[in-house]
Amino acid sequence: MNDELSMEQRHELEKLAGCFSSIFSNCPDSTTLEEHHIDLTSSTTVWQHPYPVPYVMRQTLCEKVEEMENTGISPYASPVVMIKKKGGSNRICIAQKLLNKLTMFDLHPFIPPTKVLQGMKNDRYFSKIDLSKGYWQIPVHQEDIPKTEFVTMDRHDKFLRMPFGMMNLLLATLTCTEKMLVRGRGHVVDYLDDTLIHMPTWANHVRNLRKPIWTASESNLYCETNKVCAWGRNYLLSWSPTLGGNNQPSG
């Protein structure tokens, strides 16, 4: 949290987080707010052979797949690739390039960052809400689940929730978070995968922060456990170094 907040203000945020502690989890479930549809431009199916995986990565691949296990066969199959993460661990990725070529692109209004920031220059307090593994909280429409099929060297699996790498995932996440926002309020904004609450006064800020959190709890949405520290800030560097008027960090 913001070190410049008073003890009373910090207590308010801690109390708010405590009241909704159930929404903070690194193992989220499926939300009831949104469902992901995969509409294709063609009835042509996509079926590819599995990519070879280095022997030293095969055990990791099996462990990653078992975390999301739901076996079955469908006329679709996209190969798996293993990507080395910065910390040295491996990440499983699905190569869905061919399926994405057949997927209809969903149009969604996109507000330029400058327009979003224009309404914030006089605000003093900022809080950011990040969904925990946001894509994996949105269920795939039942009829579209077979299209998410992927194949490894020894098994077939499919996703019940949105997998990374599929077209329109960001738009589906935007739609979901927009439903979480308080309609008619000019100080709660959704931009890409962030929900930002910005207000010039503390009392109104806490009041507006409570509303999307309450909606999240009612809709089975989960937030990052380590992102409460992004509440009650005088600035948000990840959005703009000029937010917060005279409350910018020095240096």
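- The protein chain is annotated in an unreviewed UniProt entry as Zinc finger protein of Plakobranchus ocellatus.

**Describing the pattern of salt bridges**
Reasoning step 1: Counting across every chain of the model gives two salt bridges.
Reasoning step 2: Salt-bridge contacts for Arg161 lead to Asp29; the nearest nitrogen and oxygen are separated by 3.4 Å. With Arg161 in the loop between strand 5 (156-157) and helix 5 (169-180) and Asp29 in the loop between helix 1 (7-19) and helix 2 (55-67), this residue pair connects regions lying 132 residues apart in the sequence.
Reasoning step 3: Exposure remark for Arg161: the relative accessible area of 26% places this residue in the partly exposed category.
Reasoning step 4: In this structure, Lys147 engages Asp144 in a salt bridge whose closest nitrogen and oxygen atoms are separated by 2.8 Å.

**Here's the deal with the packing of helix 1 against helix 6 (residues 202-218)**
Reasoning step 1: Running from N to C, helix 1 and helix 6 cross one another at 10 degrees; their axes reach a closest spacing of 11 Å. The angle between the axes of helix 1 and helix 6 places the two elements in the roughly parallel class. Contacts from Gln9, Glu12, Leu13 and Leu16 of helix 1 reach helix 6 at Trp202, Val206, Leu209, Arg210 and Ile213.
Reasoning step 2: Its residues assigned to classes, the contact of helix 1 with helix 6 comprises six nonpolar, one polar and two charged.

**Topic: helix 1**
Reasoning step 1: Its 13 residues give helix 1 an end-to-end C-alpha distance of 18 Å, which sits within 8% of 18 Å, the value for a rise of 1.5 Å per residue.
Reasoning step 2: Residues of helix 1 that are buried: Gln9, Leu13, Leu16 and Ala17. What you see down the axis of helix 1 is that its buried residues fit within an arc of 100 degrees, all on one side. Those residues of helix 1 that are exposed and aimed more than 90 degrees away from the buried face are Met7, Glu8, His11 and Lys15.
Reasoning step 3: Of the surrounding secondary structure, the elements contacted by the buried residues of helix 1 are strand 3 (125-130) and helix 6.

**Brief notes about the nonpolar core**
Reasoning step 1: Ranked by internal contacts, the top residues of the largest apolar core, which has 38 residues, are Ile129, Leu209, Ile213, Leu221 and Trp231.
Reasoning step 2: Where this core is concerned, the elements lending two or more residues are helix 1, helix 3 (97-102), strand 3, helix 5 and helix 6.
Reasoning step 3: If you look at the next biggest cluster of nonpolar residues, it comprises 10 residues, including Leu61, Val80, Phe150 and Phe159.

**Digging into the confidence of the model for the protein chain**
Reasoning step 1: For the protein chain, the mean per-residue pLDDT works out to 78, and 84% of the residues sit at or above 70.
Reasoning step 2: By mean pLDDT, the top-scoring element of the protein chain is helix 1 (91), and the lowest-scoring one is strand 6 (residues 188-191) (72).

**Notes on the packing of aromatic side chains**
Aromatic ring pairs: the centre-centre distance and the angle between the two ring planes describe each pair.
Reasoning step 1: Counting across every chain of the model gives three aromatic pairs.
Reasoning step 2: Centroid distance Phe24 to Trp231: 6.0 Å. Interplanar angle 55 degrees. Geometry classified as tilted. Highlighted residues: Phe24 in the loop between helix 1 and helix 2 and Trp231 in the segment after helix 6, separated in sequence by 207 residues. Each member of the pair, Phe24 together with Trp231, is buried.
Reasoning step 3: Ring centres of Phe150 and Phe159 lie 5.2 Å apart, and the angle between their planes is 40 degrees; on these two criteria the pair is classed as tilted.
Reasoning step 4: For Phe150, a relative accessible area of 2% puts it in the buried group.

Quick notes on the rules
Residues numbered from 1 in each chain as written. Predicted model: local features only at pLDDT ≥ 70, side-chain atom pairs only at ≥ 80, totals over all residues. Heavy atoms only, no water. Salt bridge = Lys/Arg side-chain N within 4 Å of Asp/Glu carboxyl O. Helix = DSSP H or I, 4+ residues; strand = E, 2+ residues; numbered from the N terminus. Buried < 20%, exposed > 50% of the residue type's maximum accessible area, 1.4 Å probe, protein only. Axes fitted to C-alpha atoms, helices over the stretch in contact; angles between N-to-C directions. Parallel < 35°, antiparallel > 145°, perpendicular 65-115°, else oblique. Contact = heavy atoms within 4.5 Å. Nonpolar A, V, L, I, M, F, W, Y, C, P; charged D, E, K, R; others polar. Expected span 1.5 Å × (residues − 1). Arc of directions from axis to C-beta. Core = buried A, V, L, I, M, F, W, Y, C linked by side-chain atoms within 4.5 Å. pLDDT = per-residue confidence, 0-100. Phe/Tyr/Trp six-rings, centres within 6.5 Å; stacked < 30°, edge-to-face > 60°.

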